[in-house]
Amino acid sequence: LNSLKGQGVKSMLDQAYALAKRGKCDIYVVGAANVGKSSFINSLLISGWKFSKKPTEEPNLLATTSHVPGTTLSLIPVATGDGLTIYDTPGVVLPGNITTYLKPSEVRLVLPSGKIESFGARFEAGKSLLFGGLGRVDAVEGRTC
């Protein structure tokens, strides 16, 4: 699922919509703070998802998004036009999530802005691998990893 590129969004929403219609209930987009819930909602509005009223890119009709956690302060209803409502919800603050301890300028530095690529690293016992000053992995003992 990629809300920014729209990959998988329609398929997932189609499934959620079918379940909601069958159960005669609304859809709530719920998750941790700053994971892209509002971007997900915007993606379906921009794409003209078949159950949204109309495609839009008008800023006043889209959910506000930001690198700063806690931008969505309350439930934001998005009507589908047939009685069903999709709700954008405030993020759940997870204990130990580093972004809750950072200033907005620092959050921008630690959140990925592009594709995340994997890499391999080999280091010997007594050495450490640092992650941009935010974390480290220490090789305490054993063979070269």
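Reading the values: rules and limits
- Residues numbered from 1 in each chain as written.
- Predicted model: local features only at pLDDT ≥ 70, side-chain atom pairs only at ≥ 80, totals over all residues.
- Heavy atoms only, no water.
- Helix = DSSP H or I, 4+ residues; strand = E, 2+ residues; numbered from the N terminus.
- Buried < 20%, exposed > 50% of the residue type's maximum accessible area, 1.4 Å probe, protein only.
- Contact = heavy atoms within 4.5 Å.
- Salt bridge = Lys/Arg side-chain N within 4 Å of Asp/Glu carboxyl O.

A.B. asks: So what exactly am I meant to see when it comes to the environment of Gly135 here?
C.D. replies: Within the secondary structure, Gly135 is located in strand S5 (residues 135–138). Taking the relative accessible area as the measure of exposure, Gly135 reaches 28% and is therefore partly exposed. Sequence-distant contacts of Gly135, defined by excluding residues within four places in its chain, comprise Leu129 and Leu130.

A.B. asks: Explain the side chain of Ser38 to me, please; I cannot follow it from the model alone.
C.D. replies: As for its position among the elements, Ser38 is in helix H2 (residues 37–47). Classification of Ser38 as buried rests on a relative accessible area of 9%.

A.B. asks: Looking at this structure, how should I read the pattern of salt bridges?
C.D. replies: Pairs can form between side chains of opposite charge once their charged atoms are near each other. Overall, the coordinates contain 1 salt bridge when judged by the stated rule. With its nearest N and O atoms 3.0 Å apart, the salt bridge here joins Arg136 to Asp138. The exposed category is assigned to Arg136, whose relative accessible area is 56%. Residue class for Asp138 comes out partly exposed when judged on its relative accessible area of 38%.

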